[in-house]
Amino acid sequence: MAELLKDVYNQAFVERLGSSLKNKSPGFDSQAFNKAVLKKPWQELGLKQRMNKLSRELHHHLGPDFRKNISLLLKIAPEFTGLPGLLFPDYVEKFADRKIERQLALNALVELTPYSSSEFAIRPFIIDRPDETIQFLIKLCLSKNEHVRRLASEGSRPRLPWGQALQVFKKDPTPLLPLLHQLRNDPSLYVRKSVANHINDICKDHPQVALKLLRKWMKEKPSENTLWIIKHSLRSLVKAGDAEALKILGFKKSDK
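Please read these numbers as outputs of a predicted model, since none were measured by experiment. (Residues numbered from 1 in each chain as written. Predicted model: local features only at pLDDT ≥ 70, side-chain atom pairs only at ≥ 80, totals over all residues. Heavy atoms only, no water.)

Applying the stated rule across the entire model yields six aromatic pairs. On the numbers, 5.0 Å between centres and 70° between planes, the contact of Y9 with F13 is edge-to-face. Residue Y9 shares its accessibility class with F13, and that shared class is buried. An aromatic cluster is defined as three or more aromatic residues linked by ring pairs; in this entry it consists of Y9, F13, F80 and F88. (Phe/Tyr/Trp six-rings, centres within 6.5 Å; stacked < 30°, edge-to-face > 60°. Buried < 20%, exposed > 50% of the residue type's maximum accessible area, 1.4 Å probe, protein only.)

In structure tokens:
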């Protein structure tokens with residue numbers, strides 16, 4: 001029988017997490033933590049419910065000091081990569097004071113994203129202060145780490161699947177354009193896919209904004225990397241037979 005997705009957070013994971021925390025912080029009561037997490041109705045909880053339970057029990061058993069807690073969690077995060085590692089950004093999202101500890105939390109999300117992804121957890125910070133956070137993300141576009149550069153694009157997508165919609169950018173995506181422009185020639189396919197998906201999001205709400213950006217790129221003698229982004233970002237408009245999208249790609253509507 002195939003393993004259920006929610007079982008990435010199973011008893012073995014909980015016990016390994018508790019053990020890792022105790023190794024770094026001997027005063028941590030891993031037995032009490034394990035017992036609190038795994039008590040009923042743990043088995044009936046879905047993936048997001050289990051993540052929520054883990055985050056809340058972490059905060060309860062570590063105590064209320066977010067600065068101290070995130071310092072500890074950053075030490076063990078490299079041991080928990082992939083989908084299970086989403087727990088750590090989730091903890092930041094839930095328990096950082098976004099007014100007092102905002103910069104500390106944003107820096108933590110950047111540090112955590114290479115181990116898993118902070119694309120979901122950063123969205124409340126964008127919603128709170130969209131212009132300020134976008135400026136922060138634009139700076140991330142200069143990172144040498146492809147995971148960090150991808151966070152800039154993926155975390156700010158207006159319509160990120162399974163993520164909280166960014167209504168401010170669904171209404172007006174123009175503040176996102178400098179960020180996308182910064183990443184237009186990214187050498188990483190991982191990043192380019194995100195940029196293309198991001199522009200495809202914009203195409204669904206404001207196609208003329210996206211088309212104007214891509215026409216600008218086409219006039220700049222685009223690299224192969226940029227051309228790849230342009231082609232894949234227009235997929236929804238091309239499927240719909242949009243004449244301007246087809247023109248940008250160099251063929252007529254009748255040639256589709």
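On to the state of the cysteines. Enumeration according to the criterion identifies zero disulfides in this entry. In this structure C141 is not part of a disulfide, and its nearest cysteine sulfur, from C203, lies 19 Å away. Of the residues examined, C141 reaches a relative accessible area of 6% and is grouped as buried. (Disulfide = S-S within 2.5 Å.)

On to the nonpolar core. One finds L17, L54, V92 and I199 to be the most contacted residues of the largest nonpolar core, which totals 73 residues. Beyond its immediate sequence surroundings of up to four residues, V92 is in contact with F66, I70, A105, A108, L109, L112 and F125. (Core = buried A, V, L, I, M, F, W, Y, C linked by side-chain atoms within 4.5 Å. Contact = heavy atoms within 4.5 Å.)

So, on to the side chain of T113. Within the element layout of this structure, T113 appears in the loop between helix 6 (102–112) and helix 7 (123–128). One polar contact links the side chain of T113 to the main-chain amide nitrogen of S118, over a distance of 3.0 Å. Not counting chain neighbours up to four residues away, the residues in contact with T113 comprise S118, H147, V148 and L151. (Helix = DSSP H or I, 4+ residues; strand = E, 2+ residues; numbered from the N terminus. Polar contact = N/O pair within 3.5 Å; in protein donor to acceptor, adjacent residues only side chain to side chain.)

Glancing now at the packing of helix 1 (residues 11–24) against helix 4 (residues 66–76). Each packed pair of helices is defined by two parameters, the angle between the axes and the distance between the axes. Relative to each other, helix 1 and helix 4 sit at 115°, their axes nearing to 10 Å. With respect to helix 4, the element helix 1 is oriented roughly perpendicular. Considering the relative orientation of helix 1 and helix 4, their crossing is right-handed. Contact residues: L17, S20, L21 and K24 in helix 1; L72, L73, K75 and I76 in helix 4. The class makeup of the residues in the contact of helix 1 with helix 4 is five nonpolar, one polar and two charged. (Axes fitted to C-alpha atoms, helices over the stretch in contact; angles between N-to-C directions. Parallel < 35°, antiparallel > 145°, perpendicular 65-115°, else oblique. Left-handed = near helix turned anticlockwise from the far one by under 90°. Nonpolar A, V, L, I, M, F, W, Y, C, P; charged D, E, K, R; others polar.)

Let us now look at the pattern of salt bridges. Taken as a whole and judged by the stated rule, the model has 14 salt bridges. When the shortest N-O distance is used, the salt bridge between D90 and K94 registers 2.7 Å. Residue D90 and its partner K94 are located together in helix 5 (residues 87–95), separated by four residues, close to a single helical turn. On the basis of relative accessible area, K94 is assigned to the partly exposed category, the value being 28%. In this structure, E244 engages R215 in a salt bridge whose closest nitrogen and oxygen atoms are separated by 3.1 Å. (Salt bridge = Lys/Arg side-chain N within 4 Å of Asp/Glu carboxyl O.)

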